[in-house]
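# Structural description and commentary
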Amino acid sequence: MQFLSTIGPLILMFVLFYFLLIRPQQKRQKAIATMQNELAKGDKIVTIGGLHGIVDAIDENKIVLKCGDGSRLTYDRAAIRDVVEKATTVG
(Lines give C-alpha, C1' and ligand atoms only; values in the text may rest on other atoms or scores of the structure.)
Protein backbone atom coordinates (compact mmCIF):
# COMPACT_ATOMS: atom_id res chain seq x y z
CA MET A 1 0.00 0.00 0.00
CA GLN A 2 2.90 2.34 0.77
CA PHE A 3 4.25 1.76 -2.76
CA LEU A 4 0.94 2.81 -4.37
CA SER A 5 0.76 6.03 -2.37
CA THR A 6 4.32 6.86 -3.46
CA ILE A 7 3.92 6.04 -7.16
CA GLY A 8 0.28 7.20 -7.52
CA PRO A 9 1.00 10.94 -7.84
CA LEU A 10 3.74 10.26 -10.41
CA ILE A 11 1.40 8.17 -12.52
CA LEU A 12 -1.30 10.84 -12.24
CA MET A 13 1.17 13.56 -13.33
CA PHE A 14 2.23 11.49 -16.34
CA VAL A 15 -1.39 10.91 -17.40
CA LEU A 16 -2.18 14.63 -17.08
CA PHE A 17 1.00 15.55 -18.94
CA TYR A 18 0.05 13.18 -21.76
CA PHE A 19 -3.51 14.48 -22.17
CA LEU A 20 -2.66 18.17 -21.75
CA LEU A 21 0.58 18.42 -23.75
CA ILE A 22 1.59 15.39 -25.79
CA ARG A 23 -1.74 14.35 -27.33
CA PRO A 24 -2.77 17.84 -28.59
CA GLN A 25 0.69 18.33 -30.13
CA GLN A 26 0.38 15.01 -31.98
CA LYS A 27 -3.04 16.07 -33.30
CA ARG A 28 -1.63 19.38 -34.57
CA GLN A 29 1.29 17.64 -36.29
CA LYS A 30 -1.07 15.17 -37.97
CA ALA A 31 -3.33 18.00 -39.20
CA ILE A 32 -0.36 19.93 -40.61
CA ALA A 33 1.00 16.84 -42.38
CA THR A 34 -2.44 16.14 -43.89
CA MET A 35 -2.77 19.73 -45.09
CA GLN A 36 0.70 19.68 -46.68
CA ASN A 37 0.04 16.35 -48.39
CA GLU A 38 -3.28 17.56 -49.83
CA LEU A 39 -1.82 20.64 -51.55
CA ALA A 40 -2.99 21.04 -55.13
CA LYS A 41 -2.12 23.32 -58.00
CA GLY A 42 -4.04 26.58 -57.70
CA ASP A 43 -4.34 26.59 -53.89
CA LYS A 44 -3.78 29.97 -52.25
CA ILE A 45 -1.35 29.46 -49.38
CA VAL A 46 0.72 31.26 -46.74
CA THR A 47 4.26 30.17 -45.91
CA ILE A 48 5.77 30.11 -42.42
CA GLY A 49 7.59 33.30 -43.38
CA GLY A 50 4.34 35.10 -44.22
CA LEU A 51 4.60 34.97 -48.04
CA HIS A 52 1.23 34.71 -49.78
CA GLY A 53 1.12 32.91 -53.10
CA ILE A 54 -0.58 30.42 -55.38
CA VAL A 55 0.74 26.90 -55.88
CA ASP A 56 2.00 26.69 -59.47
CA ALA A 57 3.71 23.27 -59.45
CA ILE A 58 4.15 20.45 -56.96
CA ASP A 59 7.07 18.06 -56.68
CA GLU A 60 7.53 15.34 -54.07
CA ASN A 61 9.19 17.59 -51.46
CA LYS A 62 9.06 21.01 -53.12
CA ILE A 63 6.45 23.38 -54.47
CA VAL A 64 6.67 26.34 -56.81
CA LEU A 65 4.68 29.41 -55.76
CA LYS A 66 3.46 32.12 -58.09
CA CYS A 67 3.58 35.48 -56.34
CA GLY A 68 1.63 38.66 -57.03
CA ASP A 69 4.27 40.21 -59.27
CA GLY A 70 4.49 37.10 -61.48
CA SER A 71 7.68 35.72 -60.01
CA ARG A 72 7.96 32.05 -59.15
CA LEU A 73 9.63 30.88 -55.96
CA THR A 74 10.53 27.33 -54.89
CA TYR A 75 9.82 26.22 -51.31
CA ASP A 76 9.85 22.99 -49.35
CA ARG A 77 6.43 21.55 -48.57
CA ALA A 78 7.23 21.88 -44.87
CA ALA A 79 7.35 25.68 -45.30
CA ILE A 80 3.60 25.87 -45.94
CA ARG A 81 1.76 27.12 -42.86
CA ASP A 82 -1.81 27.45 -44.06
CA VAL A 83 -4.07 27.01 -47.07
CA VAL A 84 -6.13 30.17 -47.40
CA GLU A 85 -8.32 28.98 -50.27
CA LYS A 86 -8.52 25.62 -52.00
CA ALA A 87 -8.38 25.52 -55.79
CA THR A 88 -11.75 25.20 -57.43
CA THR A 89 -11.92 22.23 -59.74
CA VAL A 90 -14.25 22.33 -62.71
CA GLY A 91 -15.43 18.91 -63.71
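These numbers come from a predicted model, not from an experiment.

Okay, the overall build of the protein chain next. The secondary structure content of the protein chain amounts to one helix and five strands. Each helix (α) and strand (β) of the protein chain, taken in turn from the N terminus, gives the series α-β-β-β-β-β. In terms of overall dimensions, the protein chain is more spread out than a globule: its C-alpha atoms have a radius of gyration of 21 Å, far above the 12 Å expected for 91 residues. On the principal axes, the C-alpha backbone points of the protein chain span a range of 70 × 30 × 20 Å. Looking at the protein chain residue by residue over its 91 residues, the buried ones come to 19%. Excluding contacts between residues fewer than 6 apart, the proportion of contacts in the protein chain whose partners are at least 24 apart in sequence is 38%. If the 12 positive side-chain charges of the protein chain are averaged to one point and the 9 negative ones to another, these points end up 6 Å apart.

On to the sheet that holds strand β4 (residues 72-76). Spatially, β4-β3-β2-β1-β5 is the arrangement adopted by the five strands of the open sheet, whose pairing is antiparallel. Two strands in the sheet have a free side with no partner beyond their single neighbour: β4 and β5 (80-85). Strand-to-strand twist of the sheet, defined as the mean angle between neighbouring strand axes without regard to direction, takes the value 45 degrees. Pairing of strand β3 (residues 62-66) with β4, which is carried by five bridges, proceeds in the antiparallel orientation. For K62, the partnering residue across the bridge sits in β4 and is D76.

On to the pattern of salt bridges. Under the definition given, this model contains three salt bridges. Here K86 and D43 are joined by a salt bridge, their closest N and O atoms 3.2 Å apart. Placement of the pair is K86 in the segment after β5 and D43 in the loop between α1 (2-37) and β1 (44-47), with a sequence separation of 43 residues. Using a relative accessible area of 45% as the deciding quantity, one classes K86 as partly exposed.

What counts and what doesn't
- Residues numbered from 1 in each chain as written.
- Predicted model: local features only at pLDDT ≥ 70, side-chain atom pairs only at ≥ 80, totals over all residues.
- Heavy atoms only, no water.
- Helix = DSSP H or I, 4+ residues; strand = E, 2+ residues; numbered from the N terminus.
- Rg over C-alpha atoms; globule rule 2.2 N^0.38 Å.
- Buried < 20%, exposed > 50% of the residue type's maximum accessible area, 1.4 Å probe, protein only.
- Contact = heavy atoms within 4.5 Å.
- Lys, Arg positive; Asp, Glu negative; His and termini not counted.
- Charge placed at Lys NZ, Arg CZ, Asp CG, Glu CD.
- Pairing = 2+ DSSP bridges.
- Axes fitted to C-alpha atoms, helices over the stretch in contact; angles between N-to-C directions.
- Salt bridge = Lys/Arg side-chain N within 4 Å of Asp/Glu carboxyl O.

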